[in-house]
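Inside the fold
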Amino acid sequence: MYKYVILFIVVSIAFSFFYSQMKGQSVKKEKEQFQSLSFKLADTKADSLLTLMTQDEIISLVEGDRSFFIRPFPRLNLPEVYMTDATGGVHIREDLNADDMTKYRLQKSTAFPCPLSLAATWNPKLSYQYAEAVGEECRAGGIGILLGPGVNTYRVSQCGRNFEYFGEDPFLRAKMVSAYVKGVQSTGTIATLKHFVANNTDYYRRRSNSLLDERTLNEIYLPPFQAGIDAGAQAVMTSYNRLNGEWCGQSEYVINGILRKQLGFQGLVMTDWWSVYDGEKLVQSGQDLEMPYAVALKDVHQLLQEGKIRIEDIKRMAKSILRTCFVMKLNDRGKNLSDSTLYENHELIALQTAREGIVLLKNEKNILPLQENKKKILVTGDYAVKNAVGGGSAFVKGYNNRLMLDELKKEFGDRILYVENPNPDQIQSADAVLCAIGTEDSEGWDRPFALPQDQEKKVEDCVNNNPNTIVIVTSGGGIRMTDWNNKAKAVLYAWYGGQIGNKALIEIIAGKTNPSGKLPITIEKEFKDSPGYGYLPEGEILYQGWHEKEERAHPLYDIRYTEGIFVGYRWYEKKNIEPLYSFGFGLSYTSFEYGDLTIGTDMFQDQGKVEVSFTVKNIGARRGSETVQLYVQDVECTVPRPLKELKGFAKVDLEPGQSNTVVIELTTKDFSFWNPETKDWFFEKGTFIIQVGSSSKEIKIQKQIEL
Ligand code: BGC
C-alpha cells in the first residue's frame, strides 16, 4: 500500500516541479527546486523505510558501527556506509577488521599538499579539482563519506591541526571550501564540514570551552561553514570542545540553533569520535549520529523507558541519516576508479597545488632561481631526506613519495652535496646552502611556535656561516623565524607538500616554475604578539603525543576569545604590531604594477552592487601569476571594525608586458557587519575605502567611496 502512496507523492512533486518550470523560472530557482525535489523524494523514501524498521534497528542506526561505518540492514537492502578521513587525501586505514580491510582497502591514495598549502594557492578552481580527485579516490575505495573538509580557523599558530585547515581569513576560507565541497560531491562522495564549531586548538581538546560572542562567531568562524552548506555539503561533524559552556556535539544551541536554523543545514550531523557525554541532551540537540559507537547513547533504552526521550526523536535522527544517503544516491554509486591514468591525473593536480602553494617569502639579490655560478650546493636538514606529513586522522601515506634530496640531485646533479651535520668549514666553503628545517604537527596536541632546538641550531649554523643560505620550511603553520630570517638570503615556505611537493619545490629553486603562493596566514615575530596568546591555562605548558587518559583527567578550561573579530591581520593592524610576514604576502620572480582603479557605485542603491575594476601588468621579464587582493575598510562606524577585511581576490596569469583588467563585484554584505540584536548582517551607510594590493600590507591602489 505504502508504495502507492509514495508513487502518488512522487508524481505530484514532479508535476509541480515541471509546471513551475514551464512558467519560466530563473535558472537559480530551477536548481533550488530540483534540489528540493530530490530532498523531498529522499525524505519520502526515508519515511517509508522507517516504517519497515523495528525500534531496535532504528536505534542502532544512530550509533556508529565498527568505528567508521553507518550500520547496514541487509534485510532492507540498505548497505553499510563507510567513511574515512580527510581533506588532504584518503587516509587508508590499517585498523579495520580483516573483512572490511579487504573490502575497502584502496591499493594506494594520493597524498596531496596539505589543505593549508591549497589555501596558499588562492585558487578555488584548483580547490575544486583537488577535492574532485580526493572524491574519486573515495569512490574507488567504496568510501561514501569523506570526513573533510576541515574548515576551522587559524587563530593560534601553535594549533596542531592548522595544516588541515584553510588559514586565518573567513573570506578566503569560504571561497576555497565552497569549491572543495562542490569538487568532492561531484563524485557522489559526501563532504563533511568539520569541526563545528570554534575548535581552533588541540591542546587538551576534549577539555576546552571556547567562550566567544555572537558577532565574532558570525564574522570569523561561521563563514566557511555557511559557504560549505550553500555549496551543498551533506554532512557536518561537531567538535570536541564546548561552546559557551556546552559540548558542541550535544548542544541544542549549536546544532538546532546555529547549524540548522540559522545556517539552514538539512543534512547529516555526526559527532566527532568520543566527544559526547549525555544521551538525553544529544537526542534533543539535533544531532543525528554518534561516532564511533554508542557512548552517550548507551543508555538509550533506559532514557526511553523513563520518558526522557521519545522514539520520535530517534526516528528523526535515523531519518536524517537515511535521507542524506538517499539525496546523494550513495547506494547507486559506481566503483569506477581502478584505472591508473586517473591516479596520474590526481598526482598532476597534487603537483600543481604544490607549484602554486609554495610561498617565496624572501629572495635577496635574486639568489633564486639558483644560477650556474652556484657550483657547490650544500644541502642539509632533516626534511631534505624525509617528508613530513601532518599526523592523526588526516595522515595520508601516499605512494612514490619524492624526497627533496633526490629531486635536487635530479636537477642539479653533482653540484649537490648532502651533509647531515656539516661543520662550519663545510658550510662556509659552499657557494650556496639549502637548509631544510621544519616541524611535524599533528592532531591531538599543539606544538610550540619556536622550532625544536635541533632545527633552530641547524638553521642558525647555516645562516651564520654562509650568506647564501636558502631556508626551506616544512611545517603545518607559522613558526618562529625571528633569529635567522634577516640573515637568510632566501626563505621558501613549503608546508607539507604531499607525495610530489618536492618536485614543485625544486622546479621553483631551479626557476622552472615561477612561485605564486601567498600566505593564507600571518606569521608573527613572537608568539606573544599573536591574538591567541594566552589561550593555555596559566602556568601550563604544551605536551606532545597521545595522552588520552591524562587528557580526560585534565580539568575543564576556558579559552576566552578576547580578541573578538580581530583575528589574523585584523589583529596585527589594529594593535599596530608588525608581523614578520603579512597575510597575503608572497614573492614572484617577476613583478607587477597596479593601476586604473575605478569604482562604480551607481548600482548600489537599486541592486546593492559595487563594481571595482583595475589593471594589473606584468612588468618583469618572465611569465607569472599574481593574486590581487581587495580589502574593504569601513571608515566611520558605530561598532569597532577592522582596518581591512578581505572581500575579493583574483589570480591573474600574465606574460611579460601583458596587462589585464580585473573586475570584482562587491555586494551590500561585503560592507556589513553582524548585528547580534537582529541576528543578521547590518549595512551602515557612510565612507568606505577600497584597497587593492598584493598582500594585506602592500596596498597598491585605493579609493574612498560614499555609500
Ligand atoms: C578527529 C576527526 C576525525 C575522526 C575520525 C577524530 O579524532 O578529530 O577529525 O574525522 O577522528 O578519524
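Here the structure is a predicted model, which means the values were calculated and not measured. Residue positions within a chain follow its written sequence, with the count starting from 1. Per-residue local features of the predicted model are confined to residues with pLDDT of at least 70, and side-chain atom pairs are confined, for both listing and counting, to 80 or more; whole-chain, interface and lining totals are unaffected and use all residues. Hydrogen atoms and water are omitted, and side-chain values are computed over all heavy atoms in the structure.

1. Considering the overall build of the protein chain
Counting from the N terminus, the helices are DSSP H or I runs at least four residues long and the strands are E runs at least two residues long. Each helix and strand in the protein chain was counted, giving 21 helices and 25 strands. Here the globule rule reads 2.2 Å times residues to the power 0.38, and the radius of gyration is calculated from C-alpha atoms. What you see for the protein chain is a C-alpha radius of gyration of 26 Å, in line with the 27 Å of a compact globule of 707 residues. Charge assignment: positive for Lys and Arg, negative for Asp and Glu; neither His nor the chain ends contribute. Working definition for charges: the position is that of NZ of Lys, CZ of Arg, CG of Asp or CD of Glu. Of note, the protein chain has its 83 positive side-chain charges centred 2 Å away from the centre of its 91 negative side-chain charges.

2. Overview of the sheet that holds strand 5 (residues 208-211)
At least two DSSP bridges between two strands are needed for those strands to be called paired. In space, the four strands of this open sheet follow the order 8-7-5-16, with mixed pairing throughout. Looking at the sheet topology across the chains shown, the edges are occupied by strand 8 (246-247) and strand 16 (557-560). Where strand 7 (residues 242-243) lies against strand 8, two bridges are found, and the strand directions are antiparallel. In the sheet register, Arg242 faces strand 8, and the bridge partner there is Trp247.

3. Section: the site of the ligand
Only a single heavy atom is needed: when it lies within 4 Å of a molecule or strand, its residue is near that molecule or strand. Taken together, 14 residues sit near the ligand, with Asp85, Arg161, His195, Asp272 and Glu443 positioned nearest. Taking Arg161, its side chain carries an N or O atom lying 2.8 Å from an oxygen atom of the ligand. Pairing of N or O atoms within 3.5 Å defines a polar contact, subject to two protein rules: one partner must be a possible hydrogen donor and the other a possible acceptor, and residues neighboring in sequence count only if both atoms are side-chain atoms. Between an oxygen atom of the ligand and a side-chain N or O atom of Tyr240, the distance comes to 3.0 Å. Surface exposure here means Shrake-Rupley accessible area, sampled with a 1.4 Å probe, where a residue is shielded only by the protein chains that are shown. Against a free-state accessible area of 310 Å², the protein chains account for coverage of 94% of the ligand. By residue class, the composition of the shell around the ligand is five nonpolar, two polar and seven charged. Ten residue types, Ala, Val, Leu, Ile, Met, Phe, Trp, Tyr, Cys and Pro, are classed as nonpolar, four, Asp, Glu, Lys and Arg, as charged, and the remainder, Gly among them, as polar.

4. Looking at the nonpolar core
As used in this record, nonpolar core signifies buried Ala, Val, Leu, Ile, Met, Phe, Trp, Tyr and Cys residues forming a set joined through side-chain atoms within 4.5 Å. Exposure classes here rest on a 1.4 Å probe applied to the protein chains alone. A residue is buried below 20% of its type maximum, exposed above 50%, and partly exposed in between. In this structure, Met270, Met481 and Trp484 are the most contacted members of the largest nonpolar core, which totals 194 residues. In terms of residue count, the dominant contributor to this core is helix 13 (residues 311-327) (nine residues). By the convention used here, residues are in contact when the closest approach between their heavy atoms is within 4.5 Å. The contacts of Met481, once residues within four sequence positions are left out, are Leu361, Val473, Val491, Tyr493, Ile523, Leu580 and Tyr581. In this structure, Val628, Val652, Val662 and Leu666 belong to the second largest nonpolar core, which totals 24 residues.

5. Overview of helix 15 (residues 404-412)
Turning to helix 15, its buried residues number three or more, namely Met404, Leu405, Glu407, Leu408 and Phe412. End-on view of helix 15: buried residues confined to an arc of 160°, all on one side of the axis. Lining the buried residues of helix 15 we find strand 11 (377-380), strand 12 (416-418), strand 13 (432-438), strand 14 (469-474) and helix 18 (501-510). Just downstream of helix 15, Gly413 is the residue with a positive phi angle, here 55°. Taken from the helix axis, the directions to the C-beta atoms give the arc we talk about.

6. As for the environment of Thr110
One can find Thr110 in the loop between helix 4 (98-104) and helix 5 (115-120). Assessed through its relative accessible area of 0%, Thr110 is described here as buried. Once the C-alpha coordinates of Thr110 and Ala350 are considered, the two residues, 240 residues apart in sequence, prove to be 8.0 Å apart. If we skip the residues at most four places from it in the chain, Thr110 touches Gly88, Gly89, Val90, Glu137, Tyr343, His346, Glu347, Ala350, Val396, Tyr399 and Gln499.

7. Structural notes on the sheet that holds strand 6 (residues 235-238)
In space, the six strands of this open sheet follow the order 1-2-3-4-6-9, with mixed pairing throughout. Because the sheet does not close on itself, it has two edges, and the strands there are strand 1 (69-70) and strand 9 (268-270). Sheet topology places strand 1 next to strand 2 (residues 81-84); two bridges connect them, and they run antiparallel. Paired with Ile70 across the strands is Val81, a residue of strand 2. All axes here are fitted lines through C-alpha atoms, helices being fitted over the stretch that makes contact, and every angle between N-to-C directions spans 0 to 180 degrees. With respect to the sheet, helix 7 (residues 170-185) is in contact with strand 3 (143-146) and strand 4 (190-196), its orientation differing from that of strand 4 by roughly 145°.

8. Some words on the packing of aromatic side chains
Two rings from Phe, Tyr or Trp (for Trp, the six-membered ring) form a pair when their centres are within 6.5 Å of each other. A pair whose planes differ by under 30 degrees is stacked, one over 60 is edge-to-face, and the rest are tilted. On inspection of all chains with the given rule, the structure shows 34 aromatic pairs. Look at Phe68 and Trp273: their rings are 5.6 Å apart centre to centre, the planes differ by 35°, and that puts the pair in the tilted class. Linking Phe68 in the loop between helix 3 (55-61) and strand 1 with Trp273 in the loop between strand 9 and helix 11 (279-285), this pair joins segments that are 205 residues apart in sequence. Relative accessible area serves as the criterion here: at 8%, Phe68 is assigned to the buried category. Pairing Tyr203 with Tyr557 gives two aromatic rings, centres 5.8 Å apart and planes at 75°, and the pair type is edge-to-face. In this pair, Tyr203 is assigned in the loop between strand 4 and strand 5 and Tyr557 in strand 16, connecting sequence segments 354 residues apart. For the pair formed by Tyr203 and Tyr557, the shared burial category is buried.

9. Points about a nonpolar patch on the surface
Judged by side-chain polarity, Trp274, Tyr293 and Val295 come together as a nonpolar surface patch covering roughly 240 Å² of accessible area. By the secondary structure assignment, Val295 is in the loop between helix 11 and helix 12 (300-305). Like-charged residues are merged into a patch within 9 Å and nonpolar side chains (Val, Leu, Ile, Met, Phe, Trp, Tyr) within 5 Å, provided each residue has over 30% relative accessible area and no salt bridge. Salt bridges are counted wherever a side-chain nitrogen of Lys or Arg sits within 4 Å of a carboxyl oxygen of Asp or Glu.

10. Remarks on the packing of helix 8 (residues 214-221) against helix 9 (residues 223-230)
Between helix 8 and helix 9, whose axes approach to 6 Å, the crossing angle comes to 55°. Between helix 8 and helix 9, the angle falls in the class oblique. Contacts from Leu217, Asn218, Glu219, Ile220 and Tyr221 in helix 8 reach Pro223, Pro224 and Phe225 in helix 9. Across the contact of helix 8 with helix 9, the residue classes tally to six nonpolar, one polar and one charged. What sets the label is the angle itself: under 35 degrees gives roughly parallel, over 145 gives roughly antiparallel, 65 to 115 gives roughly perpendicular, and the rest give oblique.

11. A few points about the confidence of the model for the protein chain
Averaged over the protein chain, the pLDDT score is 94; the fraction of residues at 70 or greater is 95%. Known as pLDDT, the predictor's per-residue confidence is scaled from 0 to 100. Predicted confidence for residues 1-24 stays below pLDDT 50, and this span has 16 contacts to residues more than four positions away or in other chains.

12. Observations concerning the pattern of salt bridges
Within the structure shown, the criterion is met by 50 salt bridges. Of the charged contacts in the structure, one is a salt bridge between Arg66 and Asp65, with a shortest N-O distance of 2.8 Å. One continuous salt-bridge network, built from bridges that share partners, spans Asp65, Arg66, Arg71, Glu80, Asp100 and Lys103.

13. Structural notes on helix 10 (residues 252-262)
Inspection of helix 10 places Val254, Ile255, Ile258, Leu259 and Arg260 among the buried residues, and these make up the whole buried set. Along helix 10, the residues classed as buried sweep out an arc of 160° about the axis, all on the same side. Positive phi appears at Gly264, one or two residues downstream of helix 10, with a value of about 75°.

14. Side note on the packing of helix 7 against helix 9
In contact at an axis separation of 8 Å, helix 7 and helix 9 are set at 25° when each is read in the N-to-C sense. Classified by the angle between their axes, helix 7 and helix 9 sit roughly parallel to one another. At the point where helix 7 passes helix 9, the crossing takes the right-handed sense. Note on element contacts: helix 9 touches helix 7 through Pro223, Pro224, Ala227 and Gly228, opposite Pro170, Arg173, Ala174, Val177, Ser178 and Val181. Rotating anticlockwise by less than a right angle from the far helix to the near helix defines a left-handed crossing, while the corresponding clockwise rotation defines a right-handed one.

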